[in-house]
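Single-letter residue listing:
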Amino acid sequence: MSGLRVYWLDPNTPDGAFPDPELALDQPNGLLAMGGDLSPQRLRRAYAQGIFPWYNPEESILWWCPHPRTVFQTDHIHVSRRLKRTLARADYAVTLDRDFNNVVLGCAGTRDGNPGTWLGPEMRAAYAKLHALGDAHSIEVWRDGRLIGGLYGVALGRMFFGESMFSRERDASKIALVWLGRQLQAWGFPLIDGQVGSAHLYRMGAVDLPRSKFLKLVRTERARPGPASPWRFTIDAPQSRDHTGA
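About the thresholds
- Residues numbered from 1 in each chain as written.
- Predicted model: local features only at pLDDT ≥ 70, side-chain atom pairs only at ≥ 80, totals over all residues.
- Heavy atoms only, no water.
- Domains from an automatic or database assignment.
- Contact = heavy atoms within 4.5 Å.
- Buried area = accessible area lost by both parts, 1.4 Å probe.
- Salt bridge = Lys/Arg side-chain N within 4 Å of Asp/Glu carboxyl O.
- Polar contact = N/O pair within 3.5 Å; in protein donor to acceptor, adjacent residues only side chain to side chain.
- Helix = DSSP H or I, 4+ residues; strand = E, 2+ residues; numbered from the N terminus.
- Nonpolar A, V, L, I, M, F, W, Y, C, P; charged D, E, K, R; others polar.
- Buried < 20%, exposed > 50% of the residue type's maximum accessible area, 1.4 Å probe, protein only.
- Pairing = 2+ DSSP bridges.
- Right-handed = clockwise from strand over helix to strand, strands pointing away.
- Core = buried A, V, L, I, M, F, W, Y, C linked by side-chain atoms within 4.5 Å.
- Phe/Tyr/Trp six-rings, centres within 6.5 Å; stacked < 30°, edge-to-face > 60°.
- Lys NZ or Arg CZ within 6 Å of the ring centre and 35° of its normal.

J.: Summarise the domain arrangement of the protein chain; cite the residues concerned and give the values.
T.: Domain boundaries assigned for the protein chain yield domain 1 (7-67) and domain 2 (70-244). Put simply, the middle of domain 1 and the middle of domain 2, counted by C-alpha atoms, are 22 Å apart. Between domain 1 and domain 2, the residue contacts involve 21 residues of the former and 24 residues of the latter. Together domain 1 and domain 2 conceal approximately 2100 Å² of surface at their shared face, both sides included; 64% is due to carbon and sulfur atoms. It is Glu-22, Arg-44 and Tyr-47 that lose the most area in domain 1 upon contact with domain 2, and together they represent 29% of the buried surface on that side. Remark: the boundary between domain 1 and domain 2 carries 2 salt bridges. Where domain 1 packs against domain 2, one counts 8 residue pairs in polar contact (both at pLDDT 80 or more). Broken down by secondary-structure element, the contributors of at least two residues to the side of domain 1 that touches domain 2 are helix H1 (40-48) and strand E3 (52-53). Considering each element in turn, the side of domain 1 that touches domain 2 owes the most residues, 5 residues, to H1. For the side of domain 1 that touches domain 2, the residue count by class is 15 nonpolar, 4 polar and 2 charged.

As structure tokens, this is what we get:
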């Protein structure tokens, strides 16, 4: 859609319908609606339609569904030779759903000298509620008892919508992505939604899908039963207590 039309969502009706995601703007790419709230009901309805919130704190909530959509196939995450050596050393541990709130705080940290973050208190509280309800999940990377990286996202059925990742040491977010991909593949998840492409994501094997194809996949995968919460690894992942501190 090229016309400048953005839909308004009533914040008093969290069960209200979203407009058709195919009506999102071309510029800025994927902007569909504004307003509403960040209640669990609203967020579940959004992700079920391939829509996600993204806005700066103290501004109106903005809802997006870009075209194309950047995704990872869980069986095609690229592991470079250097990263393969890092993974094999296993001088780290990975866990699932052990420290969700601190993963989100890590993702909200300043980057490249920029003091701002889109993950303000309202967004952090909203995803914490989703996590408590079993709809949002994290993967943590530990070394010597310290949280050094991770990522979090939302799961509906067997569709995982990645939201953000962070690293405090080299390759920590890549380690998180690789192990999450391996576990999701074992559970039968075909995709990790990466939302919007970047050089970093493409280097890790992300590809772009037409929005219509992505939305069709979301409708199929959200209807399939997913694993029980809280998530735990069912594959052989590095989990030494020397690193987790447990």
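J.: Summarise the pairing of strand E9 (residues 159-167); cite the residues concerned and give the values.
T.: Taken across its 9 residues, E9 has 8 buried, putting it largely inside the fold. Across 8 bridges, the pairing between strand E8 (residues 146-156) and E9 is antiparallel. In the sheet register, Gly-153 faces E9, and the bridge partner there is Gly-162. Hairpin connection of E8 to E9: 2 residues between the antiparallel strands, including Gly-157 at a positive phi of 60°. Two strands pair when backbone bridges link them, and E9 and strand E10 (residues 191-195) are joined in this way by 2 bridges, in the parallel orientation. In the strand pairing of E10, Phe-161 is matched with Asp-193. Handedness of the E9-helix H5 (residues 172-187)-E10 crossover: right-handed.

J.: I'd like a description of the nonpolar core, backed by residues and values.
T.: Counting 47 residues, the largest nonpolar core has Trp-63 and Tyr-152 as its most contacted members. Broken down by element, the residue count for this core peaks at 5 residues, all from helix H3 (residues 100-108). Taken domain by domain, this core gets at least three of its residues from each of domain 1 (7-67) and domain 2 (70-244). Core analysis: the second largest hydrophobic core is formed by 31 residues, Leu-87, Ile-139, Leu-180 and Ala-237 among them.

J.: Run through the packing of aromatic side chains, naming residues and quoting values.
T.: Counted according to the given criterion, the structure contains 9 aromatic pairs. Plain terms: the ring middles of Tyr-47 and Phe-161 are 5.3 Å apart, the flat faces sit at 55° to each other, and that makes the pair tilted. Of this pair, Tyr-47 sits in helix H1 while Phe-161 sits in strand E9; the two residues are 114 residues apart in sequence, bridging distant segments of the chain. Between the aromatic rings of Phe-100 and Tyr-152, the centroid separation amounts to 5.8 Å while the plane-to-plane angle is 80°, which identifies the pairing as edge-to-face. Here the residue Phe-100 occupies a position in helix H3, and Tyr-152 occupies one in strand E8, the gap between them amounting to 52 residues. Three or more aromatic residues joined by ring pairs form one cluster here, namely Phe-160, Trp-187, Phe-189 and Trp-231. The ring of Trp-142 carries Arg-98 above its face, with NZ or CZ at 4.7 Å from the centroid.

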